[in-house]
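Coordinate inspection notes
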Amino acid sequence: TTARDFTMNSPLSRLICRATLLAAGFMLCLQAAFAQDLDEVRKRGVLRHLGVPYANFVTGSGDGFDVELMQGFARELGVRYEFVQSNWNDVIGDLTGKEIRYKPSVQEIGSRPVRGDVIANGMTILPPRLKLLDFSEPTFPSAVWLLARPDVAVTPIKPSGNREQDIKATKAKLAEARTYVMDDSCLDPKLHDLEGKGYRLQRFASHASLDDIVPAILKNEGDMTLLDVPDIIVSMEKWPGRIKIIGPISEEQVMAAGFRKSSPELRRAFDEFVTELKKDGRYMELVRKYYRAAPRHLPEFFRDSSIRH
């Protein structure tokens, strides 16, 4: 090469400039996607709460258990609160900046814009999600139960006092009527060992809202459904006398806020914030506001004000 090859207008010079600009742009994208921990949130001056309208965690009307929890967290950090609505299919990708395929196994297949800093909408801690997210300390108890319309000829189990036996008895009831399940959610039949057992499983559209399941069985589109306990509590208050509980499908579970694995300080700050809410009683005020029957149905979790079990 000669000095002429490196003049500003030479093809080689222009190629090097383009490569440098592309590299700089790529590094900026990486920083935007992966350097969003506590300091970045404070510098930006806003906490972006990713949520999916569900039960009373995110009502869709500007309030909800997790909405108020995150509003309080934003105040604690001294930043502005911003709600970013998502859906169950996209919410993890909206947080991580990764396009995710869930079948046949969890895989990262591309990138997408990062839209938020934390997910909070009654998200159950499940093994597939642990591969993608770090979760806070538990913020709410849960479990998956089977429910039906009162006119469906399936009788509730008789509790034995043994959870394992009760789950087995409840699963046997699945052969008696059509039951809604939803893939890639806490209602996924694979999580509860229900596939290939001859049960009359009926897939509820994965792009639909979990809030639509009970209305669907009330319209006779299905007979029974799996559902998590917080949503059942809300449904029993919303439609009194129009659903009946058959029995448990899962062991006790917990819900929590989801964070990027690259945001450990933000997650730690949230855990400290919720611990203080437990100590001063504000946590139970939120529980009574949005899930007043929850302590009666899941007393073990609420017996102690601490969230650490």
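Bear in mind the structure is a predicted one, so any value in this text is a computation, not a measurement. (Residues numbered from 1 in each chain as written. Predicted model: local features only at pLDDT ≥ 70, side-chain atom pairs only at ≥ 80, totals over all residues. Heavy atoms only, no water.)

**A few points about the overall build of the protein chain**
For clarity, the cut-off: Starting at the N terminus, helices and strands are each numbered in turn, a helix being any DSSP run of H or I of at least four residues and a strand any DSSP run of E of at least two. The cut-offs for exposure are 20% and 50% of the maximum accessible area for each residue type, with area from a 1.4 Å probe on protein chains only; residues under the lower value are buried, those over the upper are exposed, and the others partly exposed.
Scanning the protein chain from N- to C-terminus turns up twelve helices and 13 strands. With 309 residues in all, the protein chain has 49% of them scored as buried.

**Observations concerning the packing of helix 3 (residues 65-77) against helix 10 (residues 282-290)**
Spelled out, the test is: Each axis is a line fitted through C-alpha atoms, taken for helices only over the stretch in contact, and angles between the N-to-C directions span 0 to 180 degrees. The cut-offs work like this: below 35 degrees is roughly parallel, past 145 is roughly antiparallel, 65 to 115 is roughly perpendicular, and the gaps in between are oblique. A clockwise turn of the near helix away from the far one marks a right-handed crossing, whereas an anticlockwise turn of less than a right angle marks a left-handed crossing. Contact criterion: two residues are considered in contact whenever any of their non-hydrogen atoms come within 4.5 Å of each other.
For the pair helix 3 and helix 10, interaxial distance at closest approach is 10 Å and the crossing angle is 155 degrees. Comparing the axis directions of helix 3 and helix 10 gives the class roughly antiparallel. When you trace helix 3 past helix 10, the crossing you get is right-handed. Two secondary-structure elements touch here, helix 3 through Phe65, Glu68 and Leu69 and helix 10 through Tyr283, Leu286, Val287, Lys289 and Tyr290.

**Describing the pattern of salt bridges**
Opposite charge on two side chains permits them to pair, given that their charged atoms come into close proximity. For clarity, the threshold we go by: Basic side-chain nitrogens of Lys or Arg form a salt bridge, by our definition, when they fall within 4 Å of a carboxyl oxygen of Asp or Glu.
The tally for this structure, following the rule as stated, stands at 21 salt bridges. With a shortest N-O distance of 3.0 Å, Asp193 and Lys197 are connected by a salt bridge. Of the charged contacts, one joins Arg292 and Glu237 as a salt bridge, the two residues approaching to 3.3 Å between their closest N and O atoms. Here Arg292 is found in the loop between helix 10 and helix 11 (294-297), whereas its partner Glu237 is found in helix 8 (residues 229-238), with 55 residues between them in sequence. Overall, Arg292 belongs to the exposed group, its relative accessible area being 64%.

**With respect to the confidence of the model for the protein chain**
What counts here: Scored from 0 to 100, pLDDT reflects the predictor's confidence in each residue.
Predicted confidence across the protein chain gives a mean pLDDT of 87, with 85% of residues reaching 70 or more. Contacts of residues 1-6 to residues separated by more than four positions or lying in other chains number eight contacts, the stretch itself having pLDDT below 50. In this model, residues 19-34 is a region of pLDDT below 50 whose contacts with residues beyond four sequence positions or in other chains number six contacts.

**Focus: unusual backbone geometry**
Note on backbone geometry: most residues besides glycine have negative phi, and most peptide bonds are trans. Unusually for a residue other than glycine, Ala55 sits at a positive phi of about 45 degrees. As for its placement among the helices and strands, Ala55 is situated in the loop between strand 1 (46-51) and helix 3. Positive phi, close to 55 degrees, is recorded for Asp184, a residue that is not glycine. Locating Asp184 in the fold gives a position in the loop between strand 9 (179-181) and strand 10 (201-203). By relative accessible area, Asp184 is classed as partly exposed at 32%.

**Digging into the sheet that holds strand 10**
In plain terms, the rule: Strands are labelled as partners when DSSP assigns at least two bridges between them.
The mixed open sheet is built from five strands, whose spatial order is 10-9-11-8-12. Both outer strands of the open sheet, strand 10 and strand 12 (244-248), are each paired with one neighbouring strand and no more. With strand direction ignored, the average angle separating the axes of adjacent strands in the sheet is 40 degrees. Of the pairings in the sheet, the one linking strand 8 (residues 144-148) to strand 11 (residues 224-228) comprises five bridges and is antiparallel in character. Looking across to strand 11, one finds that Leu146 is bridged to Leu226. Lying over the sheet, helix 8 contacts strand 8, strand 11 and strand 12, oriented at roughly 115 degrees with respect to strand 11.

**Here we look at the packing of helix 3 against helix 9 (residues 264-280)**
Just so we agree on the cut-off: Amino acids outside the nonpolar list (Ala, Val, Leu, Ile, Met, Phe, Trp, Tyr, Cys, Pro) and the charged list (Asp, Glu, Lys, Arg) are all regarded as polar, and Gly is one of them.
Direction vectors running N to C along helix 3 and helix 9 enclose 110 degrees, while the axes themselves pass 10 Å from each other. Taken together, helix 3 and helix 9 sit at an angle that is classed as roughly perpendicular. When helix 3 is examined against helix 9, the residues Leu69, Met70, Gly72, Phe73, Glu76 and Leu77 are found in contact with a partner set consisting of Leu266, Ala269, Phe270, Phe273 and Leu277. Taken together, the residues that form the contact of helix 3 with helix 9 break down as nine nonpolar, one polar and one charged.

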